[in-house]
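These are the residues of each chain, in order.
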Amino acid sequence: MATTPGFLTDWPWKPLRSYKYVVWAPWVVKSTYDFITSDAKDRDYGLMLIFPFMLFRMLNNQFWISLSRYKTAKGKNRIVDKTIEFDQVDRERDWDDQIIFNGLLYYIGFYSLDESKQLPLWRLDGVIIVTLLHMGVVEFLYYWLHRALHHHYLYNRYHSHHHSSIVTEPITSVIHPFGEHIAYFMLFAIPLLTVTLTKTGSIVAFAGYVTYIDVMNNMGHCNFELIPKIAFSIFPPLKYLMYTPTYHSLHHTQFRTNYSLFMPFYDYVYGTLDKSTDTLYEKSLKQEDESPNVVHLTHLTTPESIYHMRLGFASVASKPYTSPKWYLLMLWPVTMISMLITWIYGKTFVVERNVFKNLIMQTWAIPKYKIQYFMEWHRESINELIENAILEADVKGAKVVTLGLLNQAEELNGSGELFIRRNPKLKVKLVDGSSLAVAVVLNSIPKGTTQVVIRGNFNKVAYSLALALCHKGIQVSISRSHNYQRLKSELELSGDQDKLITMRSCSQKVWLVGDGLSKEEELKASKGTLIIPYSQFPPKRVNKDCFYYTTPAMLTPKHLENVDSCENWLPRRVMSAWRIAGILHGLEGWNVNECGNEMFNIDKIWQASLLHGFTPLTTSFK
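About the cut-offs
- Residues numbered from 1 in each chain as written.
- Predicted model: local features only at pLDDT ≥ 70, side-chain atom pairs only at ≥ 80, totals over all residues.
- Heavy atoms only, no water.
- UniProt positions renumbered as here; feature names shortened; annotations may be inferred.
- Helix = DSSP H or I, 4+ residues; strand = E, 2+ residues; numbered from the N terminus.
- Expected span 1.5 Å × (residues − 1).
- Bend = angle between axes of the 7 residues up to and from the residue.
- Buried < 20%, exposed > 50% of the residue type's maximum accessible area, 1.4 Å probe, protein only.
- Salt bridge = Lys/Arg side-chain N within 4 Å of Asp/Glu carboxyl O.
- Contact = heavy atoms within 4.5 Å.
- Pairing = 2+ DSSP bridges.
- Phe/Tyr/Trp six-rings, centres within 6.5 Å; stacked < 30°, edge-to-face > 60°.
- Lys NZ or Arg CZ within 6 Å of the ring centre and 35° of its normal.
- Axes fitted to C-alpha atoms, helices over the stretch in contact; angles between N-to-C directions.
- Parallel < 35°, antiparallel > 145°, perpendicular 65-115°, else oblique.
- Left-handed = near helix turned anticlockwise from the far one by under 90°.

Naming follows an unreviewed UniProt entry, where the chain appears as Protein ECERIFERUM 1-like of Lactuca virosa. Its UniProt record, at the heading Subcellular location (unreviewed entry), says of the chain: "Membrane". For the chain, the Sequence similarities (unreviewed entry) comment in UniProt is given as "Belongs to the sterol desaturase family."

Here it is in C-alpha cells:
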C-alpha cells in the first residue's frame, strides 16, 4: 500500500479475491453469443479477439517474469544486487488487475462506439497516427504526470506503492493503485480513441500498440540488462527513443531522475537525466554469470510443480505446495508444453539464488519428474544429468553440492557415491545432508519419550536414527526382520541390542516414518500418535487422529536473503535439512564428502545449525 492510501486505492473487485475474473463473464458470454448468432459476413472478429488477446497479455507478462527471474538468479547482467522478499511478492500478486480493467474498458468501448465495429485487420495510416501520437502526446503528458506523481502529496497517497519495490520485476510495472491506473488508461487511450473516431483504426494498430506498451513496461522493469550496446552504435538516436532496464532501474533507486515513459528524449530536454545512466548501463552489460559457493540440486516433482518454482507463478511459488489448484489443472495444455520443453532442453537449469552472509547459493533443477526416478530405464539419463551438474559446479568453483529429493536415492546412485567413484579428482564436495536430517528428527522427538517405532522404507537416515536412539536408551521398534538383523549386529558391539525390538504393535505414540508407508499401516496408528517423517517426501496424512510433523527442516534466519518462494511443501522461510546441510558445510569450510555410507558428525552439524541461526520447527499438523 501507499504510505498514506488515497481515494480509489483499492480495485473495485478486491472483495472477490481469486474469483475476480467473474467480472468478465457477462461480456465474454455476450460477445460470444453475438459472434455466433451473427451472419458469417457480419461477424466482428475484433470483438471475438478481445478475450484471447487479454489471455495473450497474461502469457506475455508471465514470459517476462520467468525470464527475468532466471537471468537474475544466474547473475548475468544483473543491475541491482539486492534481494526480493515475500512482502514484495504479496504486494505484486495482483498484477493481472490492470488486464481485467483494460478488458472491461475494451468491451465497453466496443459496444459504445459504432466506429469501433468491423475494424479491418490492417491500415497503414492508423499505425502511423498511433506512432506519432504516442511519441508526441503520450510520452510528453506521461513525463509531466509522472513528475506530478512524485510530488509529496500524490507520492504518499499513490505512487509510493509502486516505488516500494526497489528491486524491480517485470510485473512491478503495473503495480499501482486503481486511481493511478485510471489516469494511465486515459493517457494510453488517446492514440487508440483517435484512430477509432477517425475510422483509421485496425486490429493490428490496437493489438500492436497495447503489446508494445506491455513489452516495454516489462522489459524496463527487468533487473537485468538485455539491450546490446551495438544497437546504439548502429543507430545513435535510439538512445532518445528507447529506454533500457538500467535506465528505469535508476529511477527506482534515485527517485528524482529518469521520469520518461519509454523514450528518454524528455529527460534530456528537461534536464532530469541521471548522470550515471551510461555508466550503469555499461557496467551491467559486463556482469557475467555468477559463480555460486553452494549448489542445491533438486528436480521437478509433479507436472504442475513447474508453477511452484520461483521461475513459475510468483504468487503460487510463495505458498507451500499442496494438491494442484483447480486453475492449475485447467492449464493442462500449458503444462504439457512445459513438460515437452524440459525434455527437449534436457539440461539442469538455475531456479533460485540466495545469499547467506558471504555465501552465494544457487538452486539448480534436474528436468525430470518424480515418476521418472522410479523408472529403471530413466536412471542412466538422470545420473548423467546429475553428474554433469556436479562437474559444472566444480568448474564454476563451488565448494559444495547438495543432492536434494530423489537425486540422492540409494537405488539410483548409492546416495551420491557413484559420482565420487567416477570422478575421484572432484574438488567440490558432495553432501546428501543425512546427518542434519537425523539431527532434526532426533531433536523433534518429545523429551521423556521411551519408545519409538520406525516404519516405511529403511534407508541411510533410518539406520542412523535407530542407532542413535538405541545409544540414547530409547527403545526402537522395527517392523521388518531384515532391518532388525542388520541393526542388531551393529548394536552388539556397544551392548545396546536390548533397546532394539521387532514387533508389529502400533501402541507407540511416536512414529518415525519414511517412504513406502502404506495407507493401511498409517491408519493403524493410535489416537494422538506423533508422526515424524525422516523422508524427503511427506506422508499422505490420512490418519486424522494423528499429529504430523513436516519433513526434516528448520526455520531460516532473517539474514538469509532473497527468499521469496517456498521449498516444495514447506512453509515460508523454512528450508529442508538436506539443503541447510550444504550451507553449513560451505560456511564452516568442512572439506569432506557426505555421501554413500559416509555420515558426518550428527552433534557437530546440529550445533553448527543453531550457531548460524537456524531454528528447530515445533509446529505439528493434525
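Asker: Please give an account of helix H6 (residues 124–149) that cites residues and values.
Answerer: Look at H6: 35 Å from first C-alpha to last across 26 residues, which is about the 38 Å you get at 1.5 Å a residue. Largest kink in H6: about 40°, centred on His134. Those residues of H6 not exposed but buried are Gly126, Val130, Leu133, His134, Val138, Glu139, Tyr142, Tyr143, His146 and Leu149.

Asker: Mind laying out the pattern of salt bridges, listing which residues take part and the relevant values?
Answerer: All told, the structure shown has 27 salt bridges when counted by the stated rule. Note that Arg123 and Asp125 form a salt bridge whose closest N and O atoms lie 2.5 Å from each other. Exposure remark for Asp125: the relative accessible area of 30% places this residue in the partly exposed category. Each member of the salt-bridge network shares a partner with another, and the members are Lys20, Asp94, Asp96 and Asp97.

Asker: So what's going on with helix H5 (residues 97–112)? Which residues, and what values?
Answerer: Here H5 spans 23 Å end to end across 16 residues, near enough to the 22 Å set by a 1.5 Å rise per residue. In the core, the buried residues of H5 are packed alongside helix H1 (25–37), helix H2 (45–48), helix H3 (50–74), helix H8 (178–197) and helix H9 (203–220).

Asker: If you had to explain the environment of Ala183 to someone new, which residues and values would you point to?
Answerer: For Ala183, the location among the structural elements is in helix H8. Separated by 417 residues in the primary sequence, Ala183 and Phe600 have C-alpha atoms spaced 61 Å apart.

Asker: Hey, could you go over the sheet that holds strand E14 (residues 574–576) for me, with residue numbers and the actual values?
Answerer: Taken together, the three strands give an open sheet; going across it, the order is E14-E12-E15, and neighbouring strands pair in antiparallel fashion. Every interior strand has two partners, whereas the edge strands, E14 and strand E15 (615–616), have only one. Pairing analysis gives two bridges linking strand E12 (residues 553–555) to E15, with the strands arranged antiparallel. Directly across from Met554, in E15, lies its bridge partner Pro616.

Asker: Residue-level account of the environment of Asp96, with values.
Answerer: For Asp96, the location among the structural elements is in the loop between helix H4 (86–91) and H5. Taking the C-alpha atoms as reference, Asp96 lies 48 Å from Leu465; in sequence the two are 369 residues apart.

Asker: Please provide a residue-by-residue account of the packing of aromatic side chains, values included.
Answerer: Counting across every chain of the model gives 30 aromatic pairs. Residues Trp27 and Tyr107 carry aromatic rings whose centres are separated by 6.1 Å and whose planes lie at 20° to one another, so their mutual orientation is stacked. Placement of Trp27 in helix H1 and of Tyr107 in helix H5 is noted, with a sequence separation of 80 residues between them. What makes Tyr107 buried here is its relative accessible area of 1%. An angle of 35° between the planes, with centres 4.5 Å apart, marks the rings of Trp590 and Phe600 as tilted. With Trp590 in the loop between helix H27 (577–588) and helix H28 (602–611) and Phe600 in the loop between H27 and H28, this residue pair connects regions lying ten residues apart in the sequence. Across this residue pair, the class does not change: Trp590 and Phe600 are buried. A network of ring pairs unites the aromatic residues Trp11, Trp13, Phe101, Tyr106, Phe178 and Phe185 as a single cluster. Here Arg455 stacks its cationic end above the ring of Trp511, 4.7 Å away from the centre of that ring.

Asker: Quick one: what's the story with the packing of helix H12 (residues 245–254) against helix H14 (residues 277–285), residue by residue and with numbers?
Answerer: Their axes nearest at 9 Å, the elements H12 and H14 cross at an angle of 120°. It follows from the interaxial angle that H12 and H14 lie oblique. Every pair of crossing elements has a handedness; the one defined by H12 and H14 is right-handed. Between H12 and H14, the contacting residues are Thr246, Tyr247 and Leu250 on the first element and Thr277, Leu280, Tyr281 and Ser284 on the second.

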